[in-house]
Amino acid sequence: MSIKTVAVHIDQSVRAIARLEIAVALCRKHNAYLIGLYTNTAAPGGNAPESKPMLRLIDQWKADFESRATGLAGREWRNFSHLEDPDAIEAVVTAARLADLVVVGQAEPGSKGRVLSSIPEIVILNAGRPVLVIPYAGDYRPDFTSPIFAWKDTKEAAHALKDALHVIGDAKNARVISIEHSEDDADATGLRVVEHLARHGIQATHKTVVTDEVGVMDMLLSSVSDLDGDVLVMGGHAQSGFLLHDRGKGTRYVLEHMTVPVLMSS
């Protein structure tokens with residue numbers, strides 16, 4: 001699969017521009033079509049009626065989208081601001097299913113409890129497409145020369161591995177991390193992942209991290225930081241089985257505490 005269509009979720013958050021810029025850069029790199037999916041997140045409890053000030057704001061966002069996307073293979077703006085939160089989320093998921101990559105933003109502090117703050121998790125688990133989640137703080141480029149693969153022998157991790165090959169390019173500093181209870185539990189397939197990546201021109205090393213069940217996700221995120229990873233690749237899970245934790249809890253924890261972009265597939 002090559003990346004020919006990128007969808008990006010846009011709202012009124014401060015970081016919306018950052019993820020739009022990354023989506024545009026990825027489109028330029030892959031000569032891809034860009035779809036902007038706009039939702040209104042200004043009103044607590046639901047999307048606000050489209051007042052004149054709100055309509056002007058939407059027009060400004062559309063103009064910014066059009067300006068930044070100039071010169072791409074194609075672009076399209078879809079406005080879901082008139083929909084209530086559940087319907088807006090459904091519209092985003094439906095559109096995401098026909099994209100090769102979806103770019104969304106990590107929920108920002110203070111947004112917890114809002115329905116739309118759960119867009120990253122819902123899209124990951126329901127769109128069936130790879131989702132690139134951009135942190136709410138920090139500056140990032142989509143070059144991804146030092147990817148970290150969180151590996152477990154599951155279909156979700158396999159999907160993420162496959163999807164990442166089209167996003168990270170020919171990285172020369174990739175790491176594959178397996179997190180286990182003990183050295184005796186080390187997953188031999190981690191080394192085979194390294195061999196698989198090498199056949200795709202990606203140089204990687206493998207590391208088994210031993211930790212107790214309580215600190216699995218913290219250990220994973222700490223490893224990403226210690227290794228100077230610029231993107232974390234992992235499977236997105238809805239129920240028990242990921243690494244040593246409940247899969248859904250692990251996915252949610254990473255989405256809440258991530259400090260580098262995360263590419264997830266389910």
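One can find the structure itself at the top, above this paragraph.
Computed from a predicted structure; not experimentally measured.

## A few points about the nonpolar core
Counting residues in hydrophobic clusters, the biggest one holds 46 residues, and the most contacted among them are Val6, Ile10, Leu34, Leu132, Phe149 and Leu197. Here this core gets 7 residues from one element, more than from any other, and that element is helix H1 (residues 16–30). Not counting residues up to four positions away in its chain, the partners in contact with Val6 are Ala23, Cys27, Ala32, Tyr33, Leu34, Ile35, Leu101 and Val103. Among the nonpolar cores identified, the runner-up in size contains 41 residues, and Val92, Ala127, Val209 and Met258 belong to it.

## Considerations on the sheet that holds strand E2 (residues 33–38)
Adjacent strands of a sheet pair through backbone hydrogen bonds, lying either parallel or antiparallel. Reading across from one edge, E3-E2-E1-E4-E5-E10-E9-E6-E7-E8 is the order of the 10 strands in this open sheet, with mixed pairing throughout. The open sheet terminates on both sides in strands that have one partner only, identified here as strand E3 (74–79) and strand E8 (204–210). Neighbour to neighbour, the strand axes of the sheet diverge by 20 degrees on average, direction disregarded. Relative to strand E10 (residues 262–265), strand E9 (residues 231–235) is paired through 4 bridges, and the arrangement is parallel. Paired with Val233 across the strands is Leu263, a residue of E10. With respect to the sheet, H1 is in contact with strand E1 (5–10), E2, strand E4 (101–105) and strand E5 (131–134), its orientation differing from that of E1 by roughly 175 degrees.

## Describing the pairing of strand E7 (residues 174–180)
When you tally the buried positions in E7, you get 7 out of 7 residues, the bulk of the element. The two faces of E7 match: Ala174, Val176, Ser178 and Glu180 on one face and Arg175, Ile177 and Ile179 on the other face are all buried. Strand direction decides the pairing type here: strand E6 (residues 147–150) and E7, joined by 3 bridges, are parallel. Bridge pairing links Ala150 to Ile177 in E7. What joins E6 to E7 is helix H5 (residues 155–164), and the crossover it makes is right-handed.

## Notes on helix H7 (residues 216–226)
Residues of H7 that are buried include every one of Val216, Met217, Leu220, Leu221, Ser223 and Val224, and no others. Buried residues in H7, looked at end-on, bunch into an arc of 155 degrees, giving them a common side. Positive phi shows up at Asp228, right after H7, with a value of about 55 degrees.

## Thoughts on the packing of H1 against helix H2 (residues 52–68)
Following both chains from N to C, one finds H1 and H2 inclined at 30 degrees, their axes separated by 10 Å at the closest point. Relative to H2, the element H1 lies roughly parallel. In this structure, H1 crosses over H2, and the sense of that crossing is right-handed. On the side of H1, the interface is formed by Ala16, Ile17, Leu20, Glu21, Val24 and Arg28, while H2 contributes Trp61, Asp64, Phe65 and Arg68. Along the lines of polarity and charge, the residues of the contact of H1 with H2 split into 6 nonpolar, no polar and 4 charged.

What counts and how
- Residues numbered from 1 in each chain as written.
- Predicted model: local features only at pLDDT ≥ 70, side-chain atom pairs only at ≥ 80, totals over all residues.
- Heavy atoms only, no water.
- Core = buried A, V, L, I, M, F, W, Y, C linked by side-chain atoms within 4.5 Å.
- Buried < 20%, exposed > 50% of the residue type's maximum accessible area, 1.4 Å probe, protein only.
- Helix = DSSP H or I, 4+ residues; strand = E, 2+ residues; numbered from the N terminus.
- Contact = heavy atoms within 4.5 Å.
- Pairing = 2+ DSSP bridges.
- Axes fitted to C-alpha atoms, helices over the stretch in contact; angles between N-to-C directions.
- Right-handed = clockwise from strand over helix to strand, strands pointing away.
- Arc of directions from axis to C-beta.
- Parallel < 35°, antiparallel > 145°, perpendicular 65-115°, else oblique.
- Left-handed = near helix turned anticlockwise from the far one by under 90°.
- Nonpolar A, V, L, I, M, F, W, Y, C, P; charged D, E, K, R; others polar.

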